[in-house]
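# Close look at the chain arrangement
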Amino acid sequence: MDFKVADLSLAAFGRKEITLAEHEMPGLMSIRAEYADAQPLAGARITGSLHMTVQTAVLIETLVALGADVRWASCNIFSTQDHAAAAIAVGPNGTPEDPQGVPVFAWKGETLEEYWWCTEQALTWPNTPTGGPNMILDDGGDATLLVHKGVEFEKAGAAPDPSTADSEEYAYILTLLNRTLGESPQKWTQLASEIRGVTEETTTGVHRLYEMMSEGTLLFPAINVNDAVTKSKFDNKYGCRHSLIDGINRATDVLIGGKTAVVFGYGDVGKGCAESLRGQGARVIVTEIDPICALQAAMDGYQVATLDDVVSSADIFITTTGNKDIIMAADMAKMKHQAIVGNIGHFDNEIDMAGLAKIEGIVKDEVKPQVHTWKFPDGKVLIVLSEGRLLNLGNATGHPSFVMSNSFADQTLAQIELFTKPAEYPTGVYVLPKHLDEKVARLHLDALGVRLTTLRPEQAAYIGVDVAGPYKPDHYRY
Ligand code: NAI
């Protein structure tokens, strides 16, 4: 078995945490039990590109329990939990000397070049008809992007030129594609031809899929898992409510109460972040570009301001927008001594790290991995978390199991949908059918002692729904 992780001797610790997580992931575990005999994913070769955490380990082992073969990479250079990766490589029946688990290519602190190598390994399936997967499970869209870029360059028949790349990261992608074009000129085209679909985890990846669909370049069907209600209204909100302050605390141990915190963006992630900071006693200020979200923030009791209004007085700055260039170097120059700057959005382009590094005379120092001080020439110091990458996974362990049980139950059902019903999903982007969304919520009620009221038939008829659901029209917003 081929794989690359940091340290296989961490597998026993990883296995203990996986066992604890299984109890906290009732949705995923009941899906495992429900489909154990049917094996709906038998024949599926799933390439996963998603944070290699303990919770993801439970997802991977669920996919395997449903019949799939799986290869995995993380979708961020800092988010892997090395003990989880080791346990997945070793597998429940293997040992570090005789690993028998799933080929996983992930460790905490990859370089960008290693990151794209890992993604390529997860997409490369030795001894299979196309040398690739027939399903992708993506978070942020990087695995999907690599396949699409590969096909694009193979179609054009032109070797990509890394010197034309607009970022260091894109230069690595072009270098990789340059090599594969030389080694196997139809690698990605061949591989894409057998992919039945992708299920995408997050807002930013979904955004990329809709863009490709409107440009007419999307190569296979996709399920937008993010916009399942049981995903974005839970993971993005309550998950970040938990893991944002976990990241800030583990990184800095600064008392949040009494401080002024600025949350950029009041979407699902921003709402959870603002609530978590307020819960710690911070005075929270929100920035928004969307009048609806700005009004929501105001009615939730937050001051809504612009960065310029508060840049020199606030203590903690957290970007949650999924947009780029939110905090620029010039803004950081105006912040006060020992202000904390971090991002929880998917990509690292919300904070202008390149611009910060270019300030003349600035000195970067590592306090500990993923926590750096940046000392300005005038002596002022900023604390930057996870080098501008998502801090809840870089500085802490991401969302807790219970909330990820919802997201990953959605993911598993989406994989089953696309893999078993290809005729129902021609190339396009779909959301999970509402009855499955409701099913995922239902699977989590017992664990919390929730007693649901059952509709009486005449009540169901009166509001125009079936007694068994779905209970809301598709346009309902929750
Ligand atoms: P969303 O679209 O619900 O919210 C983003 C908000 O930012 C929107 O309300 C938008 O109007 C606002 N915004 C955009 N540009 C802005 C600007 N220049 N200034 C101020 N506000 C601005 O998206 P969601 O679901 O909240 O996700 C945000 C990001 O977080 C995405 O990149 C997503 O992929 C990522 N994410 C990260 C997670 C994590 O665990 N770290 C979990 C879930 C999502």
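In the nomenclature of an unreviewed UniProt entry, the chain is known as Adenosylhomocysteinase of Streptomyces subrutilus. In the Catalytic activity (unreviewed entry) part of its UniProt record, the chain is described as follows: "S-adenosyl-L-homocysteine + H2O = L-homocysteine + adenosine".

## A closer look at the UniProt feature "binding site: substrate" (unreviewed entry) in the chain
Under the present numbering, the feature "binding site: substrate" (unreviewed entry) in UniProt falls on T53, D139, E201, K231 and D235. Within the secondary structure layout, T53 lies in the loop between β1 (45-49) and α3 (54-65). Dropping the residues within four chain positions of it, T53 is found in contact with S79, Q81, A84 and L393. Looking at where K231 falls in the secondary structure, it is placed in helix α10 (residues 229-252). Judged by relative accessible area, which is 2%, K231 ranks as buried.

## Describing the site of the ligand
Around the ligand, a shell composed of 25 residues is seen, among which T202, T203, T204, E288 and N392 lie nearest. Here N236 contributes a side-chain N or O atom positioned 2.9 Å from an oxygen atom of the ligand. H346 places a main-chain nitrogen or oxygen 3.0 Å from an oxygen atom of the ligand. In the complex, 85% of the free accessible area of the ligand, which totals 870 Å², lies under the protein chains.

## A look at a nonpolar patch on the surface
A cluster of nonpolar side chains, contributed by Y210, M213 and V431, occupies part of the molecular surface with about 250 Å² of accessible area. Inspection of the secondary structure assignment puts Y210 in helix α9 (residues 203-215). When its relative accessible area of 33% is taken as the criterion, Y210 is described as partly exposed.

## With respect to unusual backbone geometry
Note that the residue after G469, namely P470, is joined by a cis bond; omega there is -5°. For P470, the position within the fold is in the segment after α19 (457-463). In the Ramachandran plot, D253 falls in the positive-phi region, its phi being about 55° despite a non-glycine side chain. A relative accessible area of 66% places D253 in the exposed class. The phi dihedral of Y478 falls on the positive side, at around 60°, and the residue is not glycine. With respect to the secondary-structure elements, Y478 resides in the segment after α19. Judged by relative accessible area, Y478 falls into the partly exposed class, the value being 46%.

The rules behind each value
Residues numbered from 1 in each chain as written. Predicted model: local features only at pLDDT ≥ 70, side-chain atom pairs only at ≥ 80, totals over all residues. Heavy atoms only, no water. UniProt positions renumbered as here; feature names shortened; annotations may be inferred. Helix = DSSP H or I, 4+ residues; strand = E, 2+ residues; numbered from the N terminus. Contact = heavy atoms within 4.5 Å. Buried < 20%, exposed > 50% of the residue type's maximum accessible area, 1.4 Å probe, protein only. Near = heavy atom within 4 Å. Polar contact = N/O pair within 3.5 Å; in protein donor to acceptor, adjacent residues only side chain to side chain. Areas by Shrake-Rupley, 256 points an atom, 1.4 Å probe, with all protein chains shown as cover. Patch = residues over 30% accessible without salt bridge, like charges linked within 9 Å, V, L, I, M, F, W, Y side chains within 5 Å. Salt bridge = Lys/Arg side-chain N within 4 Å of Asp/Glu carboxyl O.

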